[in-house]
Protein chains: 2
Amino acid sequence: MAEKIAITGAGLVGSLLGVYLAKRNFDVSIYERRPDARKTQLAGGRSINLALSDRGLEALARVGLADKVLREMAIPMYRRVMHDQEGNLTYQPYGKDGQAINSVSRSGLNALLMDQAEEHGVEIHFEQACAEVDFEQPALHFENVLSGEKSTVKPHRIFGADGAFSAVRGALQKTDRFSYSQHYIEHGYKELTIPPAKDGGFLMEKNALHIWPRGNYMLIALPNPDGSFTCTLFFPYEGDPSFSSLDSTEKARSFFKEQFADALALMSDFDQEWEENPNSSLVIIRCYPWTKNGKVALIGDASHAIVPFYGQGMNSGFEDCLVFDQLLEKHGTNWEPLFEEYQQLRKPDGDAIADLAMRNFVEMRDLTGDADFLLQKKIEARFAEKYPERWTPLYSLVTFSAQTRYSEAQALGQKQDEVMAQIMAMPNIHEKWDSAEVETKMLELIPEQGFSA
Amino acid sequence: MAEKIAITGAGLVGSLLGVYLAKRNFDVSIYERRPDARKTQLAGGRSINLALSDRGLEALARVGLADKVLREMAIPMYRRVMHDQEGNLTYQPYGKDGQAINSVSRSGLNALLMDQAEEHGVEIHFEQACAEVDFEQPALHFENVLSGEKSTVKPHRIFGADGAFSAVRGALQKTDRFSYSQHYIEHGYKELTIPPAKDGGFLMEKNALHIWPRGNYMLIALPNPDGSFTCTLFFPYEGDPSFSSLDSTEKARSFFKEQFADALALMSDFDQEWEENPNSSLVIIRCYPWTKNGKVALIGDASHAIVPFYGQGMNSGFEDCLVFDQLLEKHGTNWEPLFEEYQQLRKPDGDAIADLAMRNFVEMRDLTGDADFLLQKKIEARFAEKYPERWTPLYSLVTFSAQTRYSEAQALGQKQDEVMAQIMAMPNIHEKWDSAEVETKMLELIPEQGFSA
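Residues numbered from 1 in each chain as written. Chains lettered and ligands numbered in written order. Predicted model: local features only at pLDDT ≥ 70, side-chain atom pairs only at ≥ 80, totals over all residues. Heavy atoms only, no water.

Some remarks on the overall build of chain A
Line of reasoning, step 1. A count of helices and strands for chain A gives 16 helices and 19 strands.
Line of reasoning, step 2. Of all 453 residues assigned to chain A, the portion counted as buried reaches 56%.
Line of reasoning, step 3. Put simply, of all contacts in chain A between residues at least 6 apart along the chain, 70% involve residues at least 24 apart.
Line of reasoning, step 4. Taken as a whole, chain A presents about 19,100 Å² of accessible surface, with 47% of it coming from carbon and sulfur. (Helix = DSSP H or I, 4+ residues; strand = E, 2+ residues; numbered from the N terminus. Buried < 20%, exposed > 50% of the residue type's maximum accessible area, 1.4 Å probe, protein only. Contact = heavy atoms within 4.5 Å. Areas by Shrake-Rupley, 256 points an atom, 1.4 Å probe, with all protein chains shown as cover.)

Looking at the packing of aromatic side chains
Line of reasoning, step 1. The full count for this structure, using the stated rule, is 67 aromatic pairs over all chains.
Line of reasoning, step 2. Centre to centre, the rings of Phe159 of chain A and Phe339 of chain A are 6.0 Å apart; their planes meet at 70°, and the pair counts as edge-to-face. Pair noted here: Phe159 of chain A is in strand β12 (residues 157-160) and Phe339 of chain A is in helix α11 (residues 335-365), with a separation of 180 residues, a long-range link.
Line of reasoning, step 3. Between the aromatic rings of Phe383 of chain B and Trp391 of chain B, the centroid separation amounts to 6.2 Å while the plane-to-plane angle is 80°, which identifies the pairing as edge-to-face. (Phe/Tyr/Trp six-rings, centres within 6.5 Å; stacked < 30°, edge-to-face > 60°.)

A short note on the sheet that holds strand β11 (residues 150-153) of chain B
Think of a sheet as strands paired side by side through backbone hydrogen bonds, with each pair either parallel or antiparallel.
Residues and elements named next belong to chain B.
Line of reasoning, step 1. The strand order β9-β10-β11 describes an open sheet built from three strands, whose pairing is antiparallel. Bordering the open sheet on either side are β9 (128-134) and β11, each of which pairs with just one other strand. Pairwise comparison of adjacent strand axes, ignoring direction, gives a mean angle of 25° for this sheet.
Line of reasoning, step 2. Here strand β10 (residues 139-144) runs beside β11; their pairing, made up of four bridges, is antiparallel. Within β11, the residue paired with Glu143 across the bridge is Lys150. (Pairing = 2+ DSSP bridges. Axes fitted to C-alpha atoms, helices over the stretch in contact; angles between N-to-C directions.)

Here we look at the interface of chain B and chain A
Line of reasoning, step 1. Tallying the contact residues gives 15 residues for chain B and 15 residues for chain A.
Line of reasoning, step 2. Buried area between chain B and chain A, summed over both chains or domains, comes out near 1,300 Å², and the portion from carbon and sulfur atoms is 33%.
Line of reasoning, step 3. Looking at the side of chain B facing chain A, the largest losses of area belong to Arg177, Gln182 and Tyr184 of chain B, adding up to 46% of the total buried there.
Line of reasoning, step 4. By residue number, the principal contributor to the side of chain B that touches chain A is strand β13 (residues 179-194) of chain B, which donates eight residues.
Line of reasoning, step 5. Tallied by class, residues from the side of chain B that touches chain A come to five nonpolar, seven polar and three charged.
Line of reasoning, step 6. Both strand β13 (residues 179-194) of chain A and β13 of chain B contribute to a ladder of three bridges, which runs antiparallel. What sits directly across from Ser181 of chain A, in β13 of chain B, is Ser181 of chain B. (Buried area = accessible area lost by both parts, 1.4 Å probe. Nonpolar A, V, L, I, M, F, W, Y, C, P; charged D, E, K, R; others polar.)

A word on the domain arrangement of chain A
Line of reasoning, step 1. By the assigned domains, chain A splits into domain 1 (4-74 + 106-182 + 282-360), domain 2 (186-281) and domain 3 (370-445).
Line of reasoning, step 2. Just the C-alpha atoms count here: the centres of domain 2 of chain A and domain 3 of chain A sit 32 Å apart. (Domains from an automatic or database assignment.)

Description of the nonpolar core
Line of reasoning, step 1. Among the nonpolar cores identified, the biggest contains 148 residues, and Phe159 and Phe318 of chain A together with Phe159 and Phe318 of chain B are the most heavily contacted of them.
Line of reasoning, step 2. Leaving out residues up to four positions away in the same chain, Phe318 of chain A has contacts with Leu12, Val13, Leu16, Gly56, Ala59, Leu60, Leu109 and Leu113 of chain A. (Core = buried A, V, L, I, M, F, W, Y, C linked by side-chain atoms within 4.5 Å.)

Re the packing of helix α9 (residues 313-331) of chain B against helix α10 (residues 335-365) of chain B
Residue and element names in this part refer to chain B.
Line of reasoning, step 1. Taken N-terminus to C-terminus, the directions of α9 and α10 make an angle of 155°; their axes are 10 Å apart at the nearest point. Between α9 and α10, the crossing angle belongs to the class labelled roughly antiparallel. Where α9 crosses over α10, the two elements pack in a sense that is right-handed. Touching Ser316, Glu319, Asp320, Val323, Phe324, Leu327, Leu328, Lys330 and His331 of α9 are Trp335, Pro337, Leu338, Phe339, Glu341, Tyr342, Leu345, Arg346 and Ile353, all from α10.
Line of reasoning, step 2. Its residues assigned to classes, the contact of α9 with α10 shows 11 nonpolar, two polar and five charged. (Parallel < 35°, antiparallel > 145°, perpendicular 65-115°, else oblique. Left-handed = near helix turned anticlockwise from the far one by under 90°.)

Focus: the relation of the copies chain B and chain A
Line of reasoning, step 1. Superposition of chain B onto chain A requires a rotation of 180° combined with a translation of 0.0 Å along the rotation axis, giving an RMSD of 0.0 Å. With respect to symmetry, the two chain copies, as superposed, fit the operation of a two-fold axis. Minimal C-alpha separation from the rotation axis in chain B is found for Ser181 of chain B, amounting to 1.9 Å.
Line of reasoning, step 2. Here 100% of the interface residues in chain B have copies in chain A that are interface residues too; the copies meet face to matching face. (Least-squares fit on C-alpha atoms with pLDDT ≥ 70 in both.)

Thoughts on unusual backbone geometry
Line of reasoning, step 1. Here the residue pair Gln137 of chain B and Pro138 of chain B is connected by a cis peptide bond, since its omega of -10° sits within 30 degrees of zero.
Line of reasoning, step 2. Tracing the chain through its elements places Pro138 of chain B in the loop between β9 and β10.
Line of reasoning, step 3. Looking along the chain, the bond that leaves Asp240 of chain B and enters Pro241 of chain B is cis, with omega of 0°.
Line of reasoning, step 4. Summarising the element assignment, Pro241 of chain B is placed in the loop between β16 (229-236) and α6 (249-259).
Line of reasoning, step 5. The backbone phi angle of Asn25 of chain A is positive, close to 70°, even though this residue is not glycine.

Looking at the environment of Glu439 of chain B
Residues and elements named next belong to chain B.
Line of reasoning, step 1. Considering the arrangement of structural elements, one finds Glu439 in helix α15 (residues 436-445).
Line of reasoning, step 2. By relative accessible area, which is 13% here, Glu439 ends up buried.
Line of reasoning, step 3. It is 7.2 Å that separates the C-alpha atoms of Glu439 and Phe383, two residues lying 56 residues apart in sequence.
Line of reasoning, step 4. Beyond its immediate chain neighbours, meaning those up to four positions away, Glu439 contacts Arg382, Phe383, Lys386 and Tyr387.

Observations concerning the environment of Tyr406 of chain B
Residues and elements named next belong to chain B.
Line of reasoning, step 1. Locating Tyr406 in the fold gives a position in helix α13 (residues 406-424).
Line of reasoning, step 2. Along the primary structure Tyr406 and Glu444 are separated by 38 residues, whereas in three dimensions their C-alpha atoms are 26 Å apart.
Line of reasoning, step 3. Among residues more than four places away in sequence, those in contact with Tyr406 are Arg55, Gln312, Asn315, Ser316, Glu319, Arg346, Asp349, Ala352, Ile353, Leu356 and Val398.

Observations regarding the packing of α10 of chain B against α13 of chain B
All names here are of chain B.
Line of reasoning, step 1. α13 packs onto α10 with a crossing angle of 45° between their chain directions and a minimal axis gap of 7 Å. As the angle between them shows, α10 and α13 are arranged oblique. The residues of α13 that touch α10, namely those facing Arg346, Pro348, Asp349, Ala352, Ile353, Asp355, Leu356 and Arg359, are Tyr406, Ser407, Gln410 and Asp417.
Line of reasoning, step 2. Residue composition of the contact of α10 with α13, grouped by class: five nonpolar, two polar and five charged.

Some thoughts on helix α4 (residues 106-119) of chain A
Residue and element names in this part refer to chain A.
Line of reasoning, step 1. The end-to-end C-alpha distance of α4 is 20 Å, a good match for the 20 Å that 14 residues give at a rise of 1.5 Å each.
Line of reasoning, step 2. Among all positions in α4, only Arg106, Leu109, Asn110, Ala111, Leu112, Leu113, Met114, Gln116 and Ala117 are buried.
Line of reasoning, step 3. Once α4 finishes, Gly121 follows within two positions and takes phi at roughly 95°, a positive value. (Expected span 1.5 Å × (residues − 1).)

Structure follows, in structure tokens:
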């Protein structure tokens, strides 16, 4: 008889994990606190679109879904378009020709994954809030959020895929020797909209991620299939300027006029959206261990919630599923060693992408407006193109190199930083950046095996 | 009419805070989850004795209790006595002549403080588990742990003094933008006993803290008034040796015979205690903010639980009370600015002592057996004696200098480290440590204003 598996959370990771486990013939049920988002409007507080890239696509491909997702709902973004205060644009390709990250709708992708899970026989139970976890049995105690009715399920294994505010992790937090941290960064975000053009087209370059880098804060915009862009202002809660200091819509509007005039000109609902859309907080969650008694495991945001600046939140969660599935192949249902290897393998990668994502925030909001930084990226890109076996840019290691672990990418990135610090310190580097001298020096500084994927 | 104040937790800090606030004529009630420890035996899992030092004594003195505590229940410990594997002893004074830290019984001191609180009109309600906190009203919802009876209190202010596993902080953790971490260190501890001599005297030097430093682990012993010593083994959970590797009493006994022969010879109940006494974990807790809405505040371990290696857990919590009382004097019942200044003032000090306590673990378990380290301490002590206005040793800054904030002590300690690294790097320092050359070099390296309290 197939082992019974209960997953808490029918979000992106819970649903994909459901597909994976159902395909391996487990008897899978998913329990979700919210109503079925396919039938109702989602509550606010979560980003509308996401950047799907190679790691996520690999995980989708393993269950035959990558092409479908790319075909049906993705808008490829080939480059960053930086907007300065005067509205002048500069460009930075994400990778090599044809490499792109993909803007996808969170709710659309989630609905597709829930449909897929159900097609594979997964039962999804909605409006079931996890109230308690028994780590011995194991068992999950639920309360129906509408009726208050209580119920208990006793599966063989439990997966907490219930996100950054995971109830399963909350229960683990009360067990001895469970290390845990939730760190809210100084910045929060607010979503705003650039609507489609009258003819349904896009009012800015469609196949790009737009950034208005402004030092300590930034605005970004991702395209949606309906021709609109979802803009997100990442902004401090306190200080000047901040959500606190912009305490009226007039102040916000005049601030946008000064800083983001070209974007504001396209936001027809700015006033209403500024007033009605929430300021949402950004949290980094770390914990360990991720598994308990060989019976319960955390996955996705429940084990490692990160900030969104590398576009890797969903991708890292999908990669968790893929790695878990590879380990299932290796260990079969020897759960204890499987869980142990899973957490030992994935914890350093979760930590690495958490750090990289914070680092990318600084890069996006501050450095993409910096001439030295842009030159450095140009030197790296030029060198990487000529010597791909010696150098893969960090962004590509993270985004386009699913075979390179996040922790490896981070380590390579640190070594690249050391090399580039020496290159950028060369006299007149802005003049001779594409000279043979620079190339020779880089070849000298980079070890034989290279810093590549 | 006096404002009503509810304190959760009748431990050391909650009880002392009760005394402070009652003396300022607030209407104070304390709610404690456990039964009245004055009437029953305390459950295990908490250390039996504690080191009371100047910061704690200052806080007790402010409400007239320092002399009473010193007189009735304290055993001064003037120095560290280090035991090597052969049982050879070396010595290190804690401070100047007459300076001591004081071994006091946790339960005795707690009982005294509860008595004092009640004498000042504080009502202590036992067996009341805090189930929920309303941060708006504010209100506390309790459940009687015996009867299950539920009750609600609606005080004007709430203080969470309910320790490392604070229920009030647990409720705060669920509010937006509350940063929190609980970090369990690799080591845990187990308590063992060296009983009194037949004549009721002490089997080792009474007025000392005994240490068996062994690199990655250590045993310590503090004297009790009945002639016994409470010994604590600080030991890794995993690895070799560890609580895991010593998986039988025989193995533990033979390990002690090898490592702590002189102590083992005095432990008449070793086998039984090894089997029955728990392995307890050690957690470091950090969070922020410590206050909410000008209505609720955390204090003591609830806001900053630390490891015990500097003997500052209780002392820092008592100092919280003292600082809070000074701010009450300054702000009156202007609670919002009072709470704001309290948390801004105490958070860096809580962080500093958390770091210092981990650092002192390394020092105690490892360096007190190291000739270079002991020499360095001797050089510092000699210099500090001659030039007290230029140098106060870090240990004294933390332990005997209540007027120096923990964060200042930490900053001074870092500067001292830099100086001492240069001194210890002088050729032949072991021969000429007490020479004029070394003294001159130190005078050169230390700025005019000195590194002193």
